[in-house]
Amino acid sequence: MAQTITAVRGTQDVLPGESRKWQYVEKTLLQTAGQYGYRELRVPVFEQTGLFLRSVGDTTDVVQKEMYTFDDKGGRSLTLRPEGTAGAVRALLEHGLYNDALPVKACYVLSCYRYEKPQAGRLREFHQFGVECFGAPAPSADAEVIALAHNALRRLGLQNIRLELNSIGCPTCRAEYLAALRAYFADYKDQLCATCQDRLERNPMRILDCKSPVCQAIAQNAPKMLDYLCDDCQAHFEGVKARLNAAGVEYVINPSIVRGLDYYTRTVFEFVSTEIGAQGTVCAGGRYDGLVAEMGGPQLPSLGFGLGLERLLLLMEKQNCPFPAEQKPHLYIAPMGEAAQIAAATYADALRQEGFCVLTDLNGRGLKAQMKYADKLGAAYTLVLGDDELQTGAAQLKNMATGAQTPVKLAELTAAFYAVTKQTALSQLEESAARFNKE
Ligand code: ATP
Ligand code: MG
């Protein structure tokens, strides 16, 4: 046998038995964002490499180590998107979306690509749900974006996720802070890891984010950005906290959140869990007041977040969050012989038009094998279609749970099926209504 080809390291399949979980999560997130006025934006998987160099920032880990960059056959340098904000800003500018009433609110579900060391909750192809709110400078926007993430996580049934909040100021107050930070870390230069020694000149704030225990210990007593905020940034941060308090969104201040991407200003936040191992940040985001202008657009203070769907699903499994049940067939039609098989396909289609899920035999199996199959599929009803049934135009509709049989006329199968199963269809509707109301 020829050797089989396996999936690329750090990528993951979503199999048919699991996909409904993804569909449910994506739908819930998009619906929640929709309730805040966000509409979906779809951008390409690859962009010009320069887009990410400029937006994500060329001193970041993402740009320095993690990007999937390649030349296409036309010699253009392209990069598979490592995150969603850059493409969203590009689309905003390219299509002049900022000429609409502000803020412009866009959300997305997309795959991202980063060349990282694969482990639980860390993949090379992963998926993010994200929102971007363009043109909203006031603290109420920060509070609303954070509340959106908070409510979406709650709606999915998640608990015990800590919201960590910080402000990293604006370029003006940060300059003074960076000088203080450099001076502090310079005293420990020899003890810092190689990466952080490098960061000392270029981007000392990133040292606060280092995972090395030695760097972490040194960082413990480093100056805090919160002590260096200018009056405007301080007032903004107070405004965000006051609104979160009013909304009942709990948070803790974590002065060492700096975020891995260069474009952040003022508010930064993470939703963190301790239940899925080291990769516990489920959702992360913040404000990026300068980015749109830096990318050649107008001055447009903006903010957003990205929520990692693989980590979210890991956590939902861990916490036994409810997922909607698999769609089971309403009916399985078991035809005997070719004429019945053709008729079965027609009846099945008519019922599908009505919204029912109907399966029938495609493999010419015998009756016993078909009933076993119907059972395995979890069909609510079955209908045997043989020569007799075709001749008389009548058949028995069998309720698989109770065994009860109801005679039906094939010419009126759709109406009859609807009459018999109305209860089932109704109770399903009620169930989803109850679920919605509970939220
Ligand atoms: P981390 O500190 O875990 O590397 P990050 O700061 O690089 O995260 P962001 O760029 O802010 O992450 O992306 C937002 C979210 O996307 C993260 O909070 C996480 O849930 C998810 N995420 C990031 N990188 C990966 C990855 N390689 N695999 C799976 N999910 C990821
Ligand atoms: Mg990372």
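Remember, it's a predicted structure, so these values are computed and weren't measured experimentally.

Engineer: What exactly am I supposed to notice about the site of ligand 1 here?
Structural biologist: In the neighbourhood of ligand 1, 15 residues make up the surrounding shell, with Arg114, Glu116, Leu123, Arg259 and Thr281 lying closest. Measuring from an oxygen atom of ligand 1, one finds a side-chain N or O atom of Gln128 at 3.1 Å. Considering ligand 1 on its own, with 590 Å² of exposed area, one finds that the protein chains cover 89% of that surface. For the shell around ligand 1, the secondary structure elements donating two or more residues are β6 (125-134), β10 (281-287) and β11 (302-308).

Engineer: In this structure, what is going on with the pattern of salt bridges? I would like to understand it.
Structural biologist: Taken as a whole, this structure holds 18 salt bridges when the rule is applied. Arg287 serves as the salt-bridge partner of Asp142, at 2.6 Å between the closest nitrogen and oxygen. With Asp142 in helix α5 (residues 139-155) and Arg287 in strand β10, the pair connects residues that are 145 residues apart, well separated along the chain. A residue is classified by how much of its surface remains accessible, and Arg287, at 0% relative accessible area, is buried. The shortest N-O distance in the salt bridge between Lys241 and Glu238 comes to 3.3 Å. Of the two residues, Lys241 and Glu238 both sit in helix α9 (residues 231-247), three residues apart, roughly one turn of that helix. Through salt bridges with shared partners, a single ionic network connects Glu18, Lys21 and Glu317.

Engineer: Can you help me understand the packing of helix α1 (residues 19-35) against helix α11 (residues 309-318) in this one?
Structural biologist: A pair of packed helices is captured by two measures, namely the crossing angle of their axes and the spacing between those axes. Two numbers describe how α1 lies on α11: the axes approach to 11 Å, and their chain directions differ by 110 degrees. Comparing the axis directions of α1 and α11 gives the class roughly perpendicular. Of the residues in α11, those touching α1 at Lys21, Trp22, Tyr24, Val25, Glu26 and Leu29 are Leu309, Glu310, Leu312, Leu313, Met316 and Glu317. Class assignment of the residues belonging to the contact of α1 with α11 gives a composition of eight nonpolar, no polar and four charged.

Engineer: Quick question: what am I supposed to make of the confidence of the model for the chain here?
Structural biologist: When pLDDT is low, close inspection of the predicted coordinates is not appropriate. The predicted model of the chain has a mean per-residue pLDDT of 93, with 95% of residues at 70 or higher. For the stretch residues 432-439, pLDDT sits under 50, and the model shows five contacts to residues farther than four places along the chain or on other chains.

Engineer: Help me understand the sheet that holds strand β8 (residues 252-253) in this model?
Structural biologist: Within a sheet, adjacent strands bond to each other through the backbone by hydrogen bonds, running parallel or antiparallel. Spatially, the eight strands line up as an open sheet ordered β1-β5-β6-β11-β10-β9-β7-β8, and their pairing is mixed. The open sheet has two edge strands, β1 (39-40) and β8, and neither has a second partner. Relative to strand β9 (residues 265-272), strand β7 (residues 162-167) runs antiparallel, the two being bridged by six bridges. Bridge pairing in β9 links Ser167 to Thr267.

What counts, and where the lines are drawn
Residues numbered from 1 in each chain as written. Chains lettered and ligands numbered in written order. Predicted model: local features only at pLDDT ≥ 70, side-chain atom pairs only at ≥ 80, totals over all residues. Heavy atoms only, no water. Near = heavy atom within 4 Å. Polar contact = N/O pair within 3.5 Å; in protein donor to acceptor, adjacent residues only side chain to side chain. Areas by Shrake-Rupley, 256 points an atom, 1.4 Å probe, with all protein chains shown as cover. Helix = DSSP H or I, 4+ residues; strand = E, 2+ residues; numbered from the N terminus. Salt bridge = Lys/Arg side-chain N within 4 Å of Asp/Glu carboxyl O. Buried < 20%, exposed > 50% of the residue type's maximum accessible area, 1.4 Å probe, protein only. Axes fitted to C-alpha atoms, helices over the stretch in contact; angles between N-to-C directions. Parallel < 35°, antiparallel > 145°, perpendicular 65-115°, else oblique. Contact = heavy atoms within 4.5 Å. Nonpolar A, V, L, I, M, F, W, Y, C, P; charged D, E, K, R; others polar. pLDDT = per-residue confidence, 0-100. Pairing = 2+ DSSP bridges.

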